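Take a look at the letters that make up each chain.
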Amino acid sequence: MIPDIVSLMTKNYSQPSRNSVKPRLTALSWLLILAIVSVIVLTLLMRYEISNRVQTESITTLITVFGGALVILLMMVLYFQMQNRREQLIEQTKDEFVSLVSHQLRTPLTSIHLFIEMLLDNNSDNLTKQQKDYLSNVQVSTARMVELITEFLNISKLELGQLEIKTQKLHLEDIVEANVSQIKPIAEKSNVKIVFEKPNLPSVDVEPNLYAHIVNNLLSNAIYYSPEGGTVNLILRKLPEGYQLDVSDMGIGIPEEAKAKLFQRFYRAENAKRTIGDGSGLGLYLVKKIIDTCKGRVWYESTEGQGSSFHVIIPISGMGTK
């Protein structure tokens, strides 16, 4: 793994992307042209207006000072561009490193999860209750780690533009219904009711795993942050703008100071941390990245202590193969 990481880091710093450098060189070129034109215009104006009253040395001094100021300005612009490019390269290297590590970790964790399943299924009669409880806890923790690593991997691929989206003609209501069925045991354990009236919509081009992640994240958040005895409502409908999914809960809501940061990576509101301590702060960030990649829209309404409503729209044309 170490040689791969070393070569990865070397590749990033020695071969910067042409697409990211080209716009900056163009902007710098325009700034240079503007500076040259400014010097020429200033020289002509000064010679035209005061050539009979001011000595040539004074005009030269003014031009020199003005030119020096422009040179300093250009150097500052170039410096900040270099700093910005360096930060982009560092960020890209971190994303590729996370992607590499996540990919390497997911396979052994998936194997551990499967072996625990086999132990619980095949040797359940030979295990004591305490041993079963231990294995069940390990299984839940392993599944959570696999889920978290998958989120890291998807985010890294989205950030690097490496996530391949292969769409299929599917019914969104079937994906939503499948996610509701999968998460229903968790909701029942928390005494939270899920209400979803399955509509009859036309099929649309969609990447099922990515759309399922959107549904699962919004639905699981609504359940986890709802009070016992609460209700979570899901509505899926077709609008002129696209296919809209609404997920509403009666939970803790979002504080005003958290609303501007809610879709940032790793961010979690303080009331969310108090309610559930082990959240990653990646779910909503990934939802936003997926929706942005698919040219859709995501927004919400929420009042602290009164619940939240999240809304997601994908275009009528679907998610689009990328």
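Quick caveat, the model's predicted, so the values are computed rather than measured. (Residues numbered from 1 in each chain as written. Predicted model: local features only at pLDDT ≥ 70, side-chain atom pairs only at ≥ 80, totals over all residues. Heavy atoms only, no water.)

Visitor: For this particular structure, what's the right way to read the overall build of the protein chain?
Guide: Secondary structure assignment for the protein chain yields 8 helices and 7 strands. Within the protein chain, buried positions represent 36% of all 322 residues. The contacts in the protein chain between residues at least 6 apart in sequence include a share of 74% that link residues at least 24 apart. (Helix = DSSP H or I, 4+ residues; strand = E, 2+ residues; numbered from the N terminus. Buried < 20%, exposed > 50% of the residue type's maximum accessible area, 1.4 Å probe, protein only. Contact = heavy atoms within 4.5 Å.)

Visitor: Got a minute to help me understand the pairing of strand β4 (residues 231–238) in this structure?
Guide: Look at any regular strand and the pattern is simple: side chains alternate between the two faces of the sheet. By the bridge criterion, 4 bridges tie strand β2 (residues 193–196) to β4 in an arrangement that is parallel. Each residue of the ladder has a partner; that of Phe196, found in β4, is Leu234. Bridge count between β4 and strand β5 (residues 242–248): 6 bridges; the pairing is antiparallel. Paired with Lys238 across the bridge in β5 is Tyr243. Here β4 hands over to β5 after 3 residues, the two strands then running antiparallel side by side. (Pairing = 2+ DSSP bridges.)

Visitor: Before we go on, may I ask you to explain the nonpolar core in this structure?
Guide: Taken as a class, soluble globular proteins show a tendency for nonpolar side chains to be buried jointly. Judged by nonpolar contacts, the single largest core of 47 residues is most densely connected at Val176, Tyr211 and Leu234. The dominant element in this core, judged by the number of residues it contributes, is helix α6 (residues 208–224), at 8 residues. Contact partners of Val176, with chain neighbours within four places excluded, come to Phe196, Tyr211, Val215, Leu234, Leu236 and Leu245. (Core = buried A, V, L, I, M, F, W, Y, C linked by side-chain atoms within 4.5 Å.)

Visitor: Would you explain the sheet that holds β4 in this entry?
Guide: Backbone-to-backbone hydrogen bonds join strands into a sheet, with any given pair of strands oriented parallel or antiparallel. Spatially, 5 strands are ordered β2-β4-β5-β7-β6 in an open sheet, and the strand pairing comes out mixed. One side of each edge strand has no neighbouring strand; the edge strands of this open sheet are β2 and β6 (297–303). Taken over all neighbouring pairs, the strand axes of this sheet differ in orientation by 10° on average, direction set aside. The sheet strands contacting helix α8 (residues 283–293) are β6 and β7 (307–315), and the helix crosses β7 at an angle near 25°. (Axes fitted to C-alpha atoms, helices over the stretch in contact; angles between N-to-C directions.)

Visitor: Explanation requested: the pairing of β5 in the structure shown.
Guide: The element β5 is extensively covered by neighbouring structure, given that 6 of its 7 residues are classed as buried. As defined by bridge partners, β5 adjoins β7 across 7 bridges and the pair is classed as antiparallel. Paired with Val247 across the bridge in β7 is Phe310.

Visitor: Hey, could you run me through the packing of helix α5 (residues 172–189) against α6 in this one?
Guide: The relative placement of two packed helices is expressed as an angle between their axes plus a distance between the axes. Two numbers describe how α5 lies on α6: the axes approach to 9 Å, and their chain directions differ by 40°. Along this stretch, α5 crosses α6, giving a crossing that reads as right-handed. Each of Leu172, Ile175, Val176, Asn179, Val180, Ile183, Ile186 and Ala187 in α5 lies in contact with α6, whose residues at this interface are Pro208, Tyr211, Ala212, Val215, Asn216, Leu219, Ser220, Ile223 and Tyr224. For the contact of α5 with α6, a count of residues per class yields 14 nonpolar, 3 polar and no charged. (Left-handed = near helix turned anticlockwise from the far one by under 90°. Nonpolar A, V, L, I, M, F, W, Y, C, P; charged D, E, K, R; others polar.)

Visitor: Looking at this structure, how should I read the pattern of salt bridges?
Guide: Applying the stated rule across the entire model yields 8 salt bridges. Between Asp133 and Lys129 there is a salt bridge, with the nearest N and O atoms lying 3.2 Å from each other. Of the two residues, Asp133 and Lys129 are both situated in helix α4 (residues 129–160); the distance of 4 residues between them amounts to about one turn of the helix. Residue class for Asp133 comes out partly exposed when judged on its relative accessible area of 36%. By relative accessible area, Lys129 is classed as exposed at 64%. For the salt bridge of Glu177 with Lys198, the shortest nitrogen-to-oxygen distance reads 3.0 Å. Here Lys198 lies in the loop between β2 and β3 (204–206) and Glu177 lies in helix α5, a separation of 21 residues in the sequence. By relative accessible area, which is 34% here, Glu177 ends up partly exposed. Here the salt bridges do not stand alone but share partners, grouping Asp174, Glu177 and Lys198 into one network. (Salt bridge = Lys/Arg side-chain N within 4 Å of Asp/Glu carboxyl O.)

Visitor: Got a minute to help me understand the side chain of Ser309 in this structure?
Guide: Looking at the element boundaries, Ser309 is found in strand β7. At 2.9 Å, the side chain of Ser309 and the side chain of Ser248 are in polar contact. Ser309 has contacts with Val247, Ser248, Trp299, Tyr300 and Glu301, leaving out every residue within four places of it along the chain. (Polar contact = N/O pair within 3.5 Å; in protein donor to acceptor, adjacent residues only side chain to side chain.)

In short, shape yes, function no, at least from these values alone.
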